[in-house]
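Coordinate analysis (summary)
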Amino acid sequence: MRNRGTPEGTEEEINFVKLLNRKEDGALWETLNLDSKTHYAIHVLYHKFGKINQKKVKPKADVYIAKGIVPQDILEERDFYLNEDDVETFNLVPIAGTGISVKLITSKRYQITKLHPNTFNKIFGSYELGAGASIYCRKEKDLEKNDAVINGWYSNTKDFIDFFKKAGIDINDESIDLETANEIKKYSNLKIEEIINNNKEISDFIFNGIGNFEEPFTVHYLYENGELKDDCFIPFKPTTGSGRSKGQFTIVIKPK
């Protein structure tokens, strides 16, 4: 299954592959610490098996580097573009630790990671924390939707209230008012941030896909705003996914 990105994002990835394979910008290859003469950028086309997801999903890497020789005339014929299908054709060897995430130059609203309830629970050890970050808390009339949110996160009102009581939040056993819902939401988002910032294994999963994907489909480099960086950490915030009103519950980690 091919990755499904935005047309603009896919074009950005293709242009970056071509930029690397033209070998004109030596600084990019210096950042990768690889010999440009025997290495090539490969565009990732297909979904990969995620150990945490337990299914094929879009991997973290949009591009990776492979070693070998591609005849220059063929490279020029292809306008310097190579993808996964070309790895076997030219007998190229993928290099571990070279996965690159390519971000649109104009985009500041991309998602770092989207977590569905079961994946969130595997990573953070709680459905309730995800539900707390997902509840409605802005308008009184929306509070009635929170039962569906809690159920959508495979929990129930009793377990939800008990979880946040243990966290030190004073909650009425009968119902959750607007002020308490705001407190729960704020606590949940801050707790998610704290866990990511203080647990390297979880941080590696969120930003690099380490522990979920095989090499070279984890990410070790970030290409953003025309610059290649060897640090994938981005200041972030947890948000509610766009499908909440349709009963599709996710926590999305986005740049601040």
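Now for a quick tour of the structure. All figures in this text were calculated on a predicted structure; none of them were measured in a lab. (Residues numbered from 1 in each chain as written. Predicted model: local features only at pLDDT ≥ 70, side-chain atom pairs only at ≥ 80, totals over all residues. Heavy atoms only, no water.)

Points about the overall build of the chain
Looking only at helices and strands, one finds 10 helices and 11 strands in the chain. Taken along the three principal axes of its C-alpha coordinates, the chain extends 75 × 30 × 30 Å. Within the chain, the fraction of its 256 residues that count as buried is 50%. Within the chain, residue pairs in contact and separated by at least 24 positions form 68% of the contacts whose partners lie at least 6 positions apart. Here the chain carries 36 positive and 40 negative side-chain charges, and the mean point of each set is 3 Å from the other. (Helix = DSSP H or I, 4+ residues; strand = E, 2+ residues; numbered from the N terminus. Buried < 20%, exposed > 50% of the residue type's maximum accessible area, 1.4 Å probe, protein only. Contact = heavy atoms within 4.5 Å. Lys, Arg positive; Asp, Glu negative; His and termini not counted. Charge placed at Lys NZ, Arg CZ, Asp CG, Glu CD.)

With respect to helix α10 (residues 200–208)
Across the 9 residues of α10, 7 count as buried, placing the element largely inside the fold. Here α10 has its buried residues at I202, S203, D204, F205, I206, F207 and N208. For α10, the elements touching its buried residues are β7 (113–115), α5 (117–124), α9 (178–198), β10 (236–240) and β11 (251–255). The backbone nitrogen of E201 has a side-chain oxygen 3.1 Å away, supplied by the residue at the start of α10, namely N199. Positive backbone phi, approximately 75 degrees, marks G209, located one or two places after α10. (Polar contact = N/O pair within 3.5 Å; in protein donor to acceptor, adjacent residues only side chain to side chain.)

Let's talk about the packing of α5 against helix α6 (residues 127–134)
At their nearest, the axes of α5 and α6 sit 8 Å apart, and the two run at 120 degrees to each other. Taken together, α5 and α6 sit at an angle that is classed as oblique. Judged by the twist between their axes, the crossing of α5 over α6 is right-handed. Counting all contacts with α5, which are made through P117, N118, F120 and N121, the residues of α6 involved are Y127, L129 and G130. (Axes fitted to C-alpha atoms, helices over the stretch in contact; angles between N-to-C directions. Parallel < 35°, antiparallel > 145°, perpendicular 65-115°, else oblique. Left-handed = near helix turned anticlockwise from the far one by under 90°.)

Examining the pairing of β11
Taking burial as the measure, the 5 residues of β11 include 4 buried ones, the bulk of the element. Examined bridge by bridge, β10 and β11 share 5 bridges and lie antiparallel to one another. From the neighbouring strand, T239 faces β11, where its bridge partner is V252. (Pairing = 2+ DSSP bridges.)

Topic: the layout of surface pockets
Within this model, the second largest pocket holds a volume of roughly 250 Å³. Contributing to the lining of the second largest pocket are 13 residues, with I135, C137, R138, K185 and R244 lying nearest its centre. For the lining of the second largest pocket, the element with the highest residue contribution is β10, accounting for 3 residues. The residue inventory of the lining of the second largest pocket, partitioned by class, reads 5 nonpolar, 3 polar and 5 charged. (1 Å grid on protein atoms, 1.4 Å probe; cavity = no way out; pocket = protein on both sides within 12 Å on 5 of 7 lines; lining within 4 Å. Points joined across faces, edges and corners; volume = space filled by probe spheres on them. Nonpolar A, V, L, I, M, F, W, Y, C, P; charged D, E, K, R; others polar.)

Brief notes about the sheet that holds β11
The strand order across the open sheet built from 3 strands is β7-β11-β10, with neighbouring strands paired in antiparallel fashion. Unpaired on one side and paired on the other, β7 and β10 mark the two borders of the sheet. Each strand of the sheet is rotated relative to its neighbour by a mean of 25 degrees, with strand direction disregarded.

Describing the nonpolar core
Side chains of nonpolar character tend, in soluble globular proteins, to be buried together. Counting residues in each nonpolar core, the largest one holds 39 residues, and the members touching the most others are F124, I196 and I206. With residues near it in sequence (within four places) discarded, I196 still touches F124, I202, S203, I206, F207, F236 and I253. (Core = buried A, V, L, I, M, F, W, Y, C linked by side-chain atoms within 4.5 Å.)

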